[in-house]
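# Observations on chain architecture
Below, each chain spelled out in residue letters.
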Amino acid sequence: MTTPKSCADIRRNLCRRCAALQIPVSGIFELTPRCNLGCEMCYIRLTSEQMKPIGTEKSAEEWIALGKEARDAGMVFLLITGGEPTLRKDFPQIYRALAQMGLSISINTNGTLITDEIKEVFKEFPPAQINLTLYGVCREDYTDFCKNGDAFDAVKDALRWFEAENILVHLNATFTPSNYSKWTKLEDFAKKRSLELRATCYCFPPTRRSDCTDCKEFSRLTPEEAGSVMAEEILYRMGPEAIIRRAETLTSPLQKSCDLDNGEPMQCLAGRSQFWVAWEGSMTPCGMLSTPCTNPFNSNFKDAWAKLCNDVSGIRLCAECNNCELQSTCMNCAAVTFAETGRFDGKPEYMCQMIKSYRNKISALAERIKEKSQ
């Protein structure tokens, strides 16, 4: 029987193969920047007033037409996201039409607005996966973090319904200064329900928010805190052996490349087999990038995709990273670099410090584990 893990492996392999051929097999439709919650670290949230100078949301008909064009160009996997996509009253209409195209659809949601109408369309066309963001484990957490304590009750109701309908759910969590002291409680919440928690300690600067006049000043963990919690979370979730294995990889010799004046090209799937279409119509390699950018609504999807691929192929990252000793564990990418420095070839110091902290913590934990076993 095919398991969720093997399905994920198949998808990853397919996306990699498609990247070599520049086939847009995986897409993200960001239906809205609006949200019913007020989380402090959100990278996109806009009010209706803030949206006006930027653009207007695309209609259901426009999203459905784009879905057909993208499918005809090769799209198989589609992630629907926001903002909070279920906030749109026409979400069931958009979802049903896209599902009827035979696409494998996943949903990013906070789980607070799963109405009876949405439940009916999910029963008719079950999503491949629900990615539900978890902000806390009680009403007080949601009041502090999201400015809405009632949201927690809605989340619990949604999780019970998804479980009853046998719909695959993954929980996502972002650790910030407001909640990282409770990260073990988030892990326990997921474990108690036999759900996978995908936690991140890195917060992108909210460069797409209209109120971000200085994106260096926002609420996130220090790089030292982020790296340390990232290592502790691995120990808590996967056990001592996982720490030992990771510590061993830290000492593996780096395969040095020759000194280059230019950095490496983008290595991820963004702009090679994956694309992101924002709420107002712009298409970028991923949602954390504002450039390169095309607009499939102003031309057609195939032409917009071809231009995006061409633009992405010219991107080069930081040359200093080519021979960096942290390279084997670094999570740097074009989006991180651009968000942190405003350019693709910049050096993202926050990420450098975070990875150093992570490696130091992994080594310290491994030594402690070995000492206990002796």
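Read on for a plain summary of the structure. (Residues numbered from 1 in each chain as written. Predicted model: local features only at pLDDT ≥ 70, side-chain atom pairs only at ≥ 80, totals over all residues. Heavy atoms only, no water.)

We now examine the nonpolar core. Formed by 96 residues in total, the largest nonpolar core has its most connected members in F29, F122, F162 and F275. Sort the elements by how many residues they give to this core and helix α13 (residues 349-373) lands first, with 8 residues. Setting aside residues no more than four positions away along its own chain, F122 makes contact with F91, Y95, I107, P127, I130, W161, F162 and I167. In this structure, C42, I44, M51 and W279 belong to the second largest nonpolar core, which totals 6 residues. (Core = buried A, V, L, I, M, F, W, Y, C linked by side-chain atoms within 4.5 Å. Buried < 20%, exposed > 50% of the residue type's maximum accessible area, 1.4 Å probe, protein only. Helix = DSSP H or I, 4+ residues; strand = E, 2+ residues; numbered from the N terminus. Contact = heavy atoms within 4.5 Å.)

Attention now moves to helix α11 (residues 301-313). The end-to-end C-alpha distance of α11 is 18 Å, a good match for the 18 Å that 13 residues give at a rise of 1.5 Å each. Here α11 has its buried residues at F301, A304, W305, L308, C309 and V312. For α11, the angular spread of the buried residues around the axis is 135°, confining them to a single face. Summarising the geometry of α11, the exposed residues directed more than 90 degrees from the buried face are K302 and N310. In this structure, the buried residues of α11 make contact with α3 (60-73), β7 (274-277) and β8 (283-284). Near the N-terminus of α11, the side chain that reaches the backbone nitrogen of K302, with its oxygen 3.2 Å away, is that of N300. (Expected span 1.5 Å × (residues − 1). Arc of directions from axis to C-beta. Polar contact = N/O pair within 3.5 Å; in protein donor to acceptor, adjacent residues only side chain to side chain.)

Now for the sheet that holds strand β4 (residues 129-133). Strands sit in the order β6-β5-β4-β3-β2-β1-β7-β8 across an open sheet of 8 strands; the sheet is mixed. Only two strands of the sheet have a single partner each, and these edge strands are β6 (196-200) and β8. (Pairing = 2+ DSSP bridges.)

Moving on, we come to the pairing of strand β2 (residues 77-81). Burial analysis of β2 places 5 of its 5 residues in the buried class, which makes it a mostly covered element. Neither face of β2 is open: one carries F77, L79 and T81, the other L78 and I80, and all of them are buried. Of the strand pairs in this sheet, strand β1 (residues 26-30) and β2 are connected by 5 bridges, and their pairing is parallel. In the strand pairing of β2, S26 is matched with F77. Looking at chain direction, β2 and strand β3 (residues 104-109) are connected through 4 bridges and run parallel. Following the sheet pairing, L79 is matched in β3 by S106. You can see the chain leave β2, run along helix α4 (residues 91-99) and come back into β3, and the turn it takes is right-handed. (Right-handed = clockwise from strand over helix to strand, strands pointing away.)

Here the focus is the side chain of N172. Structurally, the position occupied by N172 is in strand β5 (residues 169-174). A polar side-chain atom of N172 sits 3.2 Å from a polar atom in the side chain of R198. If we skip the residues at most four places from it in the chain, N172 touches N131, L132, T133, L134, L197 and R198.

Along the chain, the position of R359 falls in helix α13. A residue is classified by how much of its surface remains accessible, and R359, at 13% relative accessible area, is buried. C-alpha separation for the pair R359 and C330, spaced 29 residues apart in sequence, amounts to 9.8 Å. Other than its neighbours up to four places away in sequence, R359 contacts L250, E325, L326, S328 and T329.

Let's shift gears to the pattern of salt bridges. Following the criterion strictly, the structure yields 19 salt bridges and no others. For R34, the salt bridge is made with E57, and the minimal N-O distance between the two is 2.8 Å. One end of the pair, R34, is in the loop between β1 and α2 (48-51); the other, E57, is in the loop between α2 and α3, and 23 residues separate them in sequence. Between E57 and R88 there is a salt bridge; the shortest N-O distance is 3.7 Å. Separated by 31 residues along the polypeptide, E57 in the loop between α2 and α3 and R88 in the loop between β2 and α4 bring together distant segments of the chain. The network of salt bridges with common partners includes R34, E57, R88 and D90. (Salt bridge = Lys/Arg side-chain N within 4 Å of Asp/Glu carboxyl O.)

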